[in-house]
Amino acid sequence: MSYSLTWDLDSIFPGGSSSKELKTRMEELKKQANQYQTSIRQWAIDAADKEKQLEAIIALQSAAVEGFSQCSSYINALLAANTGDSDAKVLLGALNDLSPALQLGDTLLKKKLTEITDADWALFIKQDSLKQLAFRLDELRTEGKRLLSEKEEDIINTLSLNGLIAWSGHYDTIVSTLTISHTEKDDSVVQLSAGQAFNRMTSDPDEAVRQELFEKWEAAWQEKSPLLADTLNHLDGFRLSDYQLHGIDDFLSEPLTYNRMSEQTLQTMWQVITENKQHFINYLTRKAQLFGKEKMDWQDQDAPVILGNLQEKTFSFDQAADFILENFEKFSPKMEQFAKEVFEKSWIEAEDRPGKRPGGYCTELPETKESRIFMTFGGSINEVATLAHELGHAFHSSVMWDLPTLNRDYAMNVAETASTFAELIVADASLKTAKTKEEKINLLDAKLQNANAMFMNIHARFIFEKSYYQARKEGLLTEEQITELMLTAQKESYQDSLNQYHPHFWASKLHFFIDDVPFYNFPYTFGYLFSMGIYAIAQQSGADFEDKYIDLLRDTASMTSEELAQKHLQVDLTKPEFWQHAVDLVIADINEFLALTEEYK
């Protein structure tokens with residue numbers, strides 16, 4: 001079967017950014033938001049039927065939240081596939097104008113829940129109709145205790161449209177203007193988008209091409225850095241002002257609360273990783289030696305290791321799909337069947353063409369109970385892994401569609417669990433296909449690239465954001481100061497083991513400019529290591545693994561990270577043992593890579 005490289009969006013709303021159905025849904029959304037607010041204001045918390053009233057309120061909230069998510073996912077998909085779609089940008093602005101009304105409803109609900117006494121609350125959430133939502137309702141009530149007045153919260157949410165949200169959107173506008181000129185071997189000159197340039201810079205087998213593109217990449221982002229420094233300063237300045245107004249001094253407090261994990265868990269995870277960094281330095285140094293260098297250059301970290309007469313294996317999109325389906329089935333037939341449906345229904349945008357946003361993501365469409373996956377597929381094993389990663393996200397959502405909307409609101413750290421698990425399946429399956437020593441080295445390196453990103457690159461991002469937020473609390477930073485913080489963070493994370501760094505990484509990385517999730521970094525590493533533990537169990541389990549795995553995924557929005565790990569893995573995330581065991585699995589791969597490449601260094 002031949003699978004489409006472009007996605008089908010018309011099944012969601014036909015007509016693209018001119019869709020009448022989309023505009024109709026957005027108009028309905030405005031009415032639903034108002035109904036949601038009205039129902040909360042009329043809720044009598046001392047009435048005999050207060051539980052039924054709350055059920056009705058939650059139903060209205062779910063309809064509004066799902067409608068907003070459906071429209072947002074669709075409009076952002078239009079923009080991702082075509083960054084020049086100016087009509088979609090206008091639509092996104094119009095949709096964002098509706099968010100304060102929804103946020104005000106949430107504010108009213110949270111504050112209303114705080115009016116119930118502790119004694120009454122303990123009995124209230126034990127009602128049969130509310131038991132399933134008890135954890136989430138407790139979260140909402142706790143949040144309500146930290147809120148300002150209704151009017152103040154509404155002002156903040158309204159101002160965020162032209163503050164936090166607007167600055168995040170401004171980043172996309174800047175990126176859409178960035179192109180990098182490259183001369184091919186036949187002397188033809190091509191203009192690469194940011195996404196295309198990044199793929200070539202990090203994965204082209206020709207070292208000279210990688211170096212040339214890296215220099216142009218750095219220069220391009222440096223040229224944009226004054227604009228991007230303004231963007232980052234004001235985006236995070238708004239966020240810090242919001243924290244200050246709510247009496248929050250610790251800028252890590254909100255990211256940890258959002259991810260439902262303790263600071264002790266986070267500190268323990270980074271502590272274990274730091275104590276094991278020499279292994280990763282050994283890997284990077286050996287890889288650099290295979291490229292004829294003493295130390296690793298930034299752009300070479302994800303470059304393929306091609307030794308001897310090896311012809312690096314590439315995949316057509318159909319071949320990638322078949323490979324993923326075959327190996328998903330070995331762990332979970334339900335996972336394989338779901339992924340097959342995704343391919344057959346054209347839920348994936350994978351075409352390599354100009355004008356697309358860089359990177360990849362998976363987005364939910366709760367009203368139609370679907371997902372859409374965005375990426376640029378070039379045929380490398382890394383891109384096969386990325387495709388599997390995003391399919392893991394989509395599968396995670398699919399097993400939760402029958403749960404209440406509130407119980408599907410899982411955080412980013414556990415969101416990375418299913419995706420990384422799927423990626424590990426493909427990585428290990430690829431290794432088993434190796435027919436020669438050189439091919440095994442190539443595939444083992446591809447697997448280790450992901451671990452390196454989690455333990456070195458993402459740790460650098462975390463260190464940078466901590467130092468940046470600390471400095472931003474004192475005032476605006478120049479682009480030179482931000483760049484220096486990035487360089488310092490990279491040197492600390494990589495323990496000064498690289499020959500060449502990426503000082504303007506802060507400008508090129510979308511994650512620093514996302515408005516709705518602060519510290520878009522450490523959850524990746526958490527999810528990677530958490531999924532390593534699950535993967536190890538999967539390899540030792542029998543036929544009942546699939547159901548246990550799905551049970552874990554279904555619980556990801558209904559308990560803390562620590563409770564989830566204890567219930568389903570019987571481990572304590574605040575202790576180093578779990579993290580060390582997961583890191584040891586990666587170290588075993590590193591040791592094998594070092595042994596296999598000894599004669600080539």
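First things first, this report covers the structure right here in the doc. (Residues numbered from 1 in each chain as written. Predicted model: local features only at pLDDT ≥ 70, side-chain atom pairs only at ≥ 80, totals over all residues. Heavy atoms only, no water.)

What follows covers the overall build of the protein. When helices and strands are tallied, the protein shows 23 helices and seven strands. The C-alpha atoms of the protein give a radius of gyration of 24 Å, which matches the 25 Å a tight globule of 601 residues would have. Taken over the C-alpha atoms alone, the protein extends approximately 80 × 55 × 50 Å along its principal axes. Counting only residues that meet the buried cut, the protein has 58% of its 601 residues in that class. In the protein, the share of contacts with a sequence separation of at least 24, taken over all contacts with a separation of at least 6, comes to 76%. With 58 positive and 95 negative side-chain charges, the protein shows a spacing of 2 Å between the two charge centroids. (Helix = DSSP H or I, 4+ residues; strand = E, 2+ residues; numbered from the N terminus. Rg over C-alpha atoms; globule rule 2.2 N^0.38 Å. Buried < 20%, exposed > 50% of the residue type's maximum accessible area, 1.4 Å probe, protein only. Contact = heavy atoms within 4.5 Å. Lys, Arg positive; Asp, Glu negative; His and termini not counted. Charge placed at Lys NZ, Arg CZ, Asp CG, Glu CD.)

Take the packing of aromatic side chains next. In total, this model carries 40 aromatic pairs according to the counting rule given. Centre to centre, the rings of Y3 and F343 are 5.2 Å apart; their planes meet at 40°, and the pair counts as tilted. On the criterion of sequence distance, the pair formed by Y3 in the segment before α1 (20–41) and F343 in helix α14 (residues 333–344) is long-range, its members being 340 residues apart. With a relative accessible area of 9%, Y3 lands in the buried category. Aromatic pair F331 and F421: ring centres 5.9 Å apart, planes at 85°, arrangement edge-to-face. Taken together, the residues span a long stretch of sequence, with F331 in helix α13 (residues 317–331) and F421 in helix α16 (residues 412–432) at a distance of 90 residues. Ring pairs connect the aromatic residues F251, W270, W298, F462, F464, Y468, Y469, Y494, F505, F512, F519 and F522, which therefore count as one cluster. Above the face of the F291 ring, R210 is positioned so that its terminal group lies 5.1 Å from the ring centre. (Phe/Tyr/Trp six-rings, centres within 6.5 Å; stacked < 30°, edge-to-face > 60°. Lys NZ or Arg CZ within 6 Å of the ring centre and 35° of its normal.)

This part covers the side chain of E139. One can find E139 in helix α5 (residues 134–146). The exposure class assigned to E139 is buried, which follows from its relative accessible area of 16%. One polar contact links E139 to R260, side chain to side chain, over a distance of 2.6 Å. (Polar contact = N/O pair within 3.5 Å; in protein donor to acceptor, adjacent residues only side chain to side chain.)

With 36 residues, helix α17 (residues 437–472) should reach 52 Å at 1.5 Å per residue; the first-to-last C-alpha distance of 50 Å fits that figure. Its maximal kink placed at A453, α17 deviates by approximately 40°. Among the 36 residues in α17, 28 count as buried, and that is most of the element. (Expected span 1.5 Å × (residues − 1). Bend = angle between axes of the 7 residues up to and from the residue.)

Here we take up the packing of α17 against helix α20 (residues 522–540). At a closest axis distance of 8 Å, the pairing of α17 and α20 adopts a crossing angle of 150°. In terms of orientation, α17 and α20 fall into the roughly antiparallel class. In the packing of α17 onto α20, the handedness of the crossing is left-handed. Here α17 contributes N450, A451, M454, F455, I458 and F462 to the contact with α20, which in turn contributes F522, Y524, T525, Y528 and L529. Across the contact of α17 with α20, the residue classes break down as nine nonpolar, two polar and no charged. (Axes fitted to C-alpha atoms, helices over the stretch in contact; angles between N-to-C directions. Parallel < 35°, antiparallel > 145°, perpendicular 65-115°, else oblique. Left-handed = near helix turned anticlockwise from the far one by under 90°. Nonpolar A, V, L, I, M, F, W, Y, C, P; charged D, E, K, R; others polar.)

Here S561 shows up in helix α22 (residues 561–569). Here S561 falls in the buried class, since its relative accessible area comes to 3%. Dropping the residues within four chain positions of it, S561 is found in contact with N259, R260, M261, N413, V414, F526 and L573. In terms of polar contacts, S561 uses its side chain to reach the backbone carbonyl oxygen of N259, at 3.1 Å.

Moving on, we get to α22. The complete set of buried residues in α22 reads S561, E562, L564, A565, H568 and L569. Axial view of α22: buried residues confined to an arc of 160°, hence all on one face. (Arc of directions from axis to C-beta.)

It is worth spelling out the pattern of salt bridges at this point. Tallied over the full model, the rule gives 36 salt bridges. Between E143 and K110 there is a salt bridge whose closest N-O contact spans 2.7 Å. Of this pair, E143 sits in helix α5 while K110 sits in helix α3 (residues 86–114), and the two are 33 residues apart along the sequence. For E143, a relative accessible area of 24% gives the class partly exposed. (Salt bridge = Lys/Arg side-chain N within 4 Å of Asp/Glu carboxyl O.)

Hydrogen bonds between backbone atoms are what pair the strands of a sheet, whose relative direction is either parallel or antiparallel. Across the sheet, which stays open at both edges, the three strands sit in the order β4-β6-β5 with mixed pairing between neighbours. On the outer flanks of this sheet lie β4 (348–349) and β5 (361–365), each paired with one strand and no other. Pairing of β4 with strand β6 (residues 370–374), which is carried by two bridges, proceeds in the parallel orientation. Among the inter-strand pairings, E349 is bridged to a residue of β6, identified as F374. (Pairing = 2+ DSSP bridges.)

Keep in mind these numbers describe shape, not what the thing actually does.
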